[in-house]
Amino acid sequence: MQVVVTLTRVMAMQPASDQGNSESIDQEVLNETIAQAYDIGPKLFLPALLLSLLLATGIWNHGPHSWVIAWFISLSLCYGLRLLDWRKYRSLSPAQINAAHWARRLQWSAGFTGLVWGLSVLLPDANEYR
C-alpha cells in the first residue's frame, strides 16, 4: 500500500509537460522503492531470526546437532551481513546512492537468505513438521 501511495506522489510531482519522460519517473520510482525496502528490512530481521531459532529448537533432538547449528549460524550470518548492508546504505546521502547498485545488492542478499531458509528442508527430520 505504501509503495502505491509513493508512486502516486512521485507521479504527482511531475509537471504535465514532463509526463512523457518515463526514464525520469522510472528512476524516481526505483529510488523510492529501494529506500522503502532498506527502511523496512531491519524490522523483519529479528522476527525472522526468532522464527529460525524456533525451528532449530523444534528439531534439536531429532538428528545431528551440527546440521542444525550450521544452518542457524549460516542464517544468522546472512541477516548480520544484511544489517551491515543496511547500515552502509543509511550512511550515504541521497546524492551518493546509485539505486540500481543497491537494488542488485538487495536482490542478492535476499536471494541468498532465501536459499539458506530453503536448505532447512535438509535438516534432520525437518520434513516431519511440514
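Relevant structure appears above.
Report follows, based on the coordinates. (Residues numbered from 1 in each chain as written. Predicted model: local features only at pLDDT ≥ 70, side-chain atom pairs only at ≥ 80, totals over all residues. Heavy atoms only, no water.)

So, about the nonpolar core. One finds Phe 45, Ala 48, Ala 56, Ile 59, Val 68, Trp 71, Leu 75, Cys 78, Tyr 79, Val 116 and Leu 123 forming the largest nonpolar core, which totals 11 residues. When residues in this core are grouped by element, the largest group, 5 residues, is from helix H3 (residues 65–91). One finds Ile 34, Ala 99, Ala 103 and Leu 106 within the second-largest nonpolar core, a separate group that totals 8 residues. (Core = buried A, V, L, I, M, F, W, Y, C linked by side-chain atoms within 4.5 Å. Buried < 20%, exposed > 50% of the residue type's maximum accessible area, 1.4 Å probe, protein only. Helix = DSSP H or I, 4+ residues; strand = E, 2+ residues; numbered from the N terminus.)

Our focus in this paragraph is the packing of helix H2 (residues 22–58) against H3. In the contact formed by H2 and H3, the axes pass within 10 Å of each other and the chain directions differ by 160°. Taken together, H2 and H3 sit at an angle that is classed as roughly antiparallel. Relative to H3, H2 is oriented so that their crossing is left-handed. Seen from H2, the contacting residues are Ile 34, Ala 35, Tyr 38, Pro 42, Phe 45, Ala 48, Leu 49, Ser 52, Leu 53, Leu 55 and Ala 56; seen from H3, they are Val 68, Trp 71, Phe 72, Leu 75, Ser 76, Tyr 79, Arg 82, Leu 83, Asp 85, Trp 86 and Tyr 89. In terms of residue class, the contact of H2 with H3 is built from 18 nonpolar, 2 polar and 2 charged. (Axes fitted to C-alpha atoms, helices over the stretch in contact; angles between N-to-C directions. Parallel < 35°, antiparallel > 145°, perpendicular 65-115°, else oblique. Left-handed = near helix turned anticlockwise from the far one by under 90°. Contact = heavy atoms within 4.5 Å. Nonpolar A, V, L, I, M, F, W, Y, C, P; charged D, E, K, R; others polar.)

Right, let's talk about the pattern of salt bridges for a bit. Evaluation of the coordinates by the stated rule reveals 2 salt bridges. Arg 105 serves as the salt-bridge partner of Asp 85, at 2.4 Å between the closest nitrogen and oxygen. Note that Asp 85 is positioned in helix H3 and Arg 105 in helix H4 (residues 99–118), a separation of 20 residues in sequence. Given a relative accessible area of 34%, Arg 105 falls into the partly exposed group. (Salt bridge = Lys/Arg side-chain N within 4 Å of Asp/Glu carboxyl O.)

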